Amino acid sequence: MTHPTHIRRDHTDDRPLLLDLFCCAGGAGRGYDRAGFAVTGVDIRPRPNYPFTFIQGDALTVLAELIESGEIRRYTAVHASPPCQKRCALTVGTNHSRGWGGKHVDLVAPTRELLDASGLPYVIEQPDGQADVRKDITLCGEQFGLGVIRHRNFELGRWSTAQPKHLKHRGRVRGWRHGEYYDGPYVAAYGKGGGKATVAEMQQAMGIDWTDVHEELTEAIPPAYSEWLGRAFLTRTTVGAVAA
């Protein structure tokens, strides 16, 4: 039997507080906000488009400092999207063929280690590929009626929920493949050229309207994914007071 998690409310907000690590422009953060969380994001690069409280810094260093100081107890849960270029299905072949593999550091394992040390429920997100994450939940744009497929895998720590049905795709991703053009109901929200989506098309397809930065859009997860996860988490937990 799974025991409920007691949510600690932050004294500055009447909603549970979520830490959004490697937050980029806030695709995940927006979804958790819609689900009912107050969100604080952390990213090593400045993210002026991030729509919530933002801390610029190395995500793992910030997390380690929060654990050491005890400030981590202000948070209810953590979402982490560590860099995935080394093992992402879209890049691993190209990286290997061009000798790029050694340039990317796999941060999944050290992220998990610190998240376990935090004592909090957590989510680790990764795209399809060879990343060493449990695929507790796999989400796809078709499950939310979006204009992208964009499969993402989620490892759940200290909580669980059932995998939703993976709906059959309605067609192909629009664009050029090996010299042949294919039409379809989904756009390719990554890279440039070859029929890839424009910025406006990516915004519409993923439900993201607060950033028009190409790189941020290609790295983002649709907010619908984290909204689903956030609501699933909140329905499986009980709300408690902030720990003294």
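Participant: Which parts of the structure should I look at to understand the overall build of the protein chain?
Facilitator: When helices and strands are tallied, the protein chain shows 7 helices and 11 strands. Burial status across the protein chain gives 47% buried among its 244 residues. Of the contacts formed within the protein chain by residues at least 6 apart in sequence, a portion of 59% connects residues at least 24 apart. Accessible area for the protein chain stands at about 11,900 Å²; split by element, carbon and sulfur atoms hold 52% of it.

Participant: Explanation requested: helix 4 (residues 108-118) in the structure shown.
Facilitator: For an α-helix the count is 3.6 residues per turn, leaving residues at separations of three or four pointing the same way. Looking only at helix 4, the buried set comprises Val-108, Thr-111, Arg-112, Leu-115 and Ser-118. One side of helix 4 carries all its buried residues, which in axial view fall inside an arc of 115°. In helix 4, the exposed residues that point more than 90 degrees away from the buried face are Glu-113 and Ala-117. Summarising the contacts, the buried residues of helix 4 are in contact with strand 2 (17-21), helix 2 (59-69), strand 5 (77-80), strand 6 (122-127) and strand 8 (152-157). Of the residues one or two after helix 4, Gly-119 is the one with positive phi, at around 80°.

Participant: Honestly, the confidence of the model for the protein chain in this entry has me stumped. Any pointers?
Facilitator: Low-pLDDT portions of the prediction should not be read for the details of their coordinates. Per-residue pLDDT for the protein chain has a mean of 88; in total, 84% of the residues score no lower than 70. Here residues 88-102 scores under 50 on pLDDT; set against residues more than four positions off or in separate chains, the count is 17 contacts. In the predicted structure, residues 239-244 sits below a pLDDT of 50 and forms 14 contacts with residues beyond four places in sequence or in another chain.

Participant: Would you take a moment to explain the sheet that holds strand 7 (residues 137-139) for this structure?
Facilitator: Two modes of strand pairing occur in sheets, parallel and antiparallel, and in both the strands are linked by backbone hydrogen bonds. Across the sheet, which stays open at both edges, the 7 strands sit in the order 4-3-2-5-6-8-7 with mixed pairing between neighbours. In this open sheet, the two strands that pair with only one neighbour each are strand 4 (53-56) and strand 7. Adjacent strand axes in the sheet meet at a mean angle of 20° when their direction is disregarded. By the bridge criterion, 3 bridges tie strand 5 to strand 6 in an arrangement that is parallel. If you follow His-79 over to strand 6, its bridge partner there is Val-123.

Participant: Could you clarify how one ought to interpret the pairing of strand 8 in this entry?
Facilitator: The side chains of a regular strand alternate between the sheet's two faces. The buried fraction of strand 8 is high, at 6 of 6 residues. Of the two faces of strand 8, the one holding Arg-152, Phe-154 and Leu-156 and the one holding Asn-153, Glu-155 and Gly-157 are both buried throughout. In this structure, strand 6 lies alongside strand 8, joined through 6 bridges in antiparallel fashion. Each bridged residue has a counterpart across the sheet, and for Ile-124 the counterpart in strand 8 is Glu-155. Of the strand pairs in this sheet, strand 7 and strand 8 are connected by 3 bridges, and their pairing is antiparallel. For Leu-139, the partnering residue across the bridge sits in strand 8 and is Arg-152.

Participant: Got a minute to help me understand the packing of helix 2 against helix 4 in this structure?
Facilitator: A packed helix pair is summarised by two numbers, namely the angle formed by the two axes and the spacing between the axes. Interaxial distance between helix 2 and helix 4 falls to 10 Å at its minimum, and their mutual angle equals 20°. By the angle between their axes, helix 2 is roughly parallel relative to helix 4. The handedness of the crossing between helix 2 and helix 4 is left-handed. Counting all contacts with helix 2, which are made through Leu-60, Leu-63, Ala-64 and Ile-67, the residues of helix 4 involved are Pro-110, Thr-111, Leu-114, Leu-115, Ala-117 and Ser-118.

Participant: Is there a simple way to explain empty space enclosed by the protein in this structure?
Facilitator: Here the idea is plain: a probe the size of a water molecule rolls over the atoms and shows the empty space left. Applying the stated rule across the entire model yields 2 cavities of 30 Å³ or more. Roughly 60 Å³ of volume is contained in the largest cavity. In this structure, the largest cavity is lined by Leu-18, Tyr-32, Phe-37, Ala-77, Val-78, Pro-121, Tyr-122, Val-123, Trp-159, Leu-229, Gly-230 and Phe-233. When residues of the lining of the largest cavity are assigned to their parent elements, the largest contribution, 3 residues, is made by helix 7 (residues 223-235).

Participant: Which parts of the structure should I look at to understand the pattern of salt bridges?
Facilitator: Oppositely charged side chains can pair when the atoms bearing their charge come close. Applying the stated criterion across every chain, the model contains 12 salt bridges. Measuring nitrogen to oxygen at the nearest pair gives 3.4 Å for the salt bridge that ties Arg-47 to Glu-216. Highlighted residues: Arg-47 in the loop between strand 3 (38-43) and strand 4 and Glu-216 in helix 6 (residues 214-219), separated in sequence by 169 residues. Across the pair Arg-74 and Glu-71 runs a salt bridge, and its minimum N-O distance is 3.8 Å.

Participant: Help me understand the nonpolar core, please; the structure alone is not making it clear to me.
Facilitator: Nonpolar side chains in soluble globular proteins tend to end up buried together. One finds Tyr-32, Phe-154 and Leu-229 to be the most contacted residues of the largest nonpolar core, which totals 35 residues. Put simply, the parts of the chain that give this core at least two residues each are helix 1 (27-35), strand 7, strand 8, helix 5 (199-206) and helix 7. The element best represented in this core is helix 7, accounting for 4 residues.

Cut-offs and rules
Residues numbered from 1 in each chain as written. Predicted model: local features only at pLDDT ≥ 70, side-chain atom pairs only at ≥ 80, totals over all residues. Heavy atoms only, no water. Helix = DSSP H or I, 4+ residues; strand = E, 2+ residues; numbered from the N terminus. Buried < 20%, exposed > 50% of the residue type's maximum accessible area, 1.4 Å probe, protein only. Contact = heavy atoms within 4.5 Å. Areas by Shrake-Rupley, 256 points an atom, 1.4 Å probe, with all protein chains shown as cover. Arc of directions from axis to C-beta. pLDDT = per-residue confidence, 0-100. Pairing = 2+ DSSP bridges. Axes fitted to C-alpha atoms, helices over the stretch in contact; angles between N-to-C directions. Parallel < 35°, antiparallel > 145°, perpendicular 65-115°, else oblique. Left-handed = near helix turned anticlockwise from the far one by under 90°. 1 Å grid on protein atoms, 1.4 Å probe; cavity = no way out; pocket = protein on both sides within 12 Å on 5 of 7 lines; lining within 4 Å. Points joined across faces, edges and corners; volume = space filled by probe spheres on them. Salt bridge = Lys/Arg side-chain N within 4 Å of Asp/Glu carboxyl O. Core = buried A, V, L, I, M, F, W, Y, C linked by side-chain atoms within 4.5 Å.

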